[in-house]
Amino acid sequence: PSEIMVSPLPSPLDVETLAGIKADVFAMGPGLGPEPAPVYLDWLRAEARPVVIDADGLNLMARHPSARQGVAQAGPRLLTPHPGEFARLFPEATGLPSRRLRAEAVAKDYPLTLLYKGTRSIIAREGEPTSFNLTGNPGMATGGMGDVLTGVCAGLAAQGYALPDAACLGGWLCGRAADRAIQDGATFETLRASSVIDGLAGAFRDLL
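Figured I'd write up the structure that's included with this text. Keep in mind that this is a model prediction, so the values were computed, not measured. Here the residue index of a chain counts from 1 through its sequence in written order. Whole-chain, interface and lining totals are the exception, using all residues; otherwise, since this is a predicted model, local features are given only for residues with pLDDT of at least 70 and side-chain atom pairs are given and counted only at 80 or more. With hydrogens and water excluded, all non-hydrogen atoms of the structure serve as input to the side-chain values.

Before going further, it helps to spend a moment on the overall build of the protein. Within the protein, the regular secondary structure consists of nine helices and six strands. Radius of gyration means the value over C-alpha atoms here, while the globule rule gives 2.2 Å times the residue count to the 0.38 power. What you see for the protein is a C-alpha radius of gyration of 17 Å, in line with the 17 Å of a compact globule of 208 residues. Think of it in three bands: with a 1.4 Å probe and only protein chains considered, a residue is buried below 20% of the maximum accessible area for its type, exposed above 50%, and partly exposed in between. Going through the 208 residues of the protein one by one, you find that 45% of them count as buried. Under the convention used here, a 1.4 Å probe and the Shrake-Rupley method define accessible areas, while residue burial counts only the protein chains that appear. Accessible surface for the protein amounts to roughly 10,500 Å². Of this, 56% is attributable to carbon and sulfur atoms. Only four residue types enter the charge count: Lys and Arg as positive, Asp and Glu as negative, with His and the chain ends excluded. By convention, the charge on Lys lies at NZ, on Arg at CZ, on Asp at CG and on Glu at CD. Looking at charge distribution, the protein has the averaged site of its 18 positive side-chain charges lying 4 Å from that of its 22 negative ones. Helix and strand definitions follow DSSP, with helices as H or I runs of at least four residues and strands as E runs of at least two, each counted in order from the N terminus.

Note on definitions: salt bridges are taken to be side-chain nitrogens of Lys or Arg within 4 Å of carboxyl oxygens of Asp or Glu. A complete count under the given rule lists seven salt bridges for this structure. Arg-100 is paired through a salt bridge with Glu-104; the nearest N and O atoms lie 2.9 Å apart. Of this pair, Arg-100 and Glu-104 are both found in helix H6 (residues 99-109), four residues apart, which corresponds to roughly one turn of the helix. One salt-bridge network, held together by shared partners, links Arg-176, Arg-180 and Asp-206.

Any two strands with at least two DSSP-identified bridges between them are counted as paired. Pairing is mixed in the open sheet, where six strands are placed in the order E1-E2-E3-E4-E5-E6. Strands with a single pairing partner mark the edges of an open sheet, and in this sheet they are strand E1 (26-28) and strand E6 (131-132). As paired strands, E1 and strand E2 (residues 51-53) are joined by three bridges and run parallel to one another. Looking at the pairing, Ala-27 lines up with Val-52 of E2.

A word on the layout of surface pockets. Using a 1 Å grid laid over the protein atoms alone, points where a 1.4 Å probe fits but cannot get out form a cavity; open sets with protein on both sides within 12 Å along at least 5 of 7 lines form a pocket; any residue with an atom within 4 Å of a point counts as lining. Grid points are joined across faces, edges and corners, and a volume is the space filled by probe spheres set on the points. Put simply, the largest pocket is a space of about 780 Å³. Along its surface, the largest pocket is lined by 22 residues, and Ser-7, Leu-9, Ile-21, Phe-26 and Ala-27 are the ones closest to its centre. Ranked by the residues each element gives to the lining of the largest pocket, the list is headed by E1, at three residues. Among the residues forming the lining of the largest pocket, the class breakdown is 17 nonpolar, four polar and one charged. As a volume, the second largest pocket reaches approximately 610 Å³. Lining of the second largest pocket is provided by 28 residues; of these, Lys-117, Gly-118, Ser-121, Met-140 and Ala-141 occupy positions nearest its centre. Secondary structure elements with two or more residues in the lining of the second largest pocket: helix H5 (83-89), helix H7 (145-158) and helix H8 (163-183). In this count, Pro and Cys sit with the nonpolar residues alongside Ala, Val, Leu, Ile, Met, Phe, Trp and Tyr, while Asp, Glu, Lys and Arg are called charged and the others, Gly among them, polar.

This is the structure we're talking about:
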């Protein structure tokens, strides 16, 4: 689409050049690839600006568990794992008996915001009430949905929302857009990430 503006990554690719990118918020992970350069992990441990981390960004952290605390402490962080990513990233919490307890255990151990995706996605942060998102449907269990959520949450954060609020609002908006698509004739089998993008304007209007 013509409205997308693309800028190449700086060269050489190191922490200093990544830190020099002019941005208020970063969305990191979707499209990064299964074997991202180690410099991205170093950058995450040094970047003080807000970062929304999903997909291969989460997998990168999962492969380096000793770096998790440093990434969380460097600056505001929103992690948006689905259950498989959560299990790889926080295996020590997977034995707890409920998704809520798992999410709250992670939030207690790390100074970050967690959006634990799934049926009734959970948003957890230590010191704040745990939230449950009630929008959305089974058709969202398809490729690209998490990428849209990452972009929406990052966009909201760039507008000044704190990451817990961006997570709650972003989750609700994406789920509501998916629900509207079903109401307009899509099925769980045909719902696509582009359907959610197309429905975001209506979801925003539903907030009014």
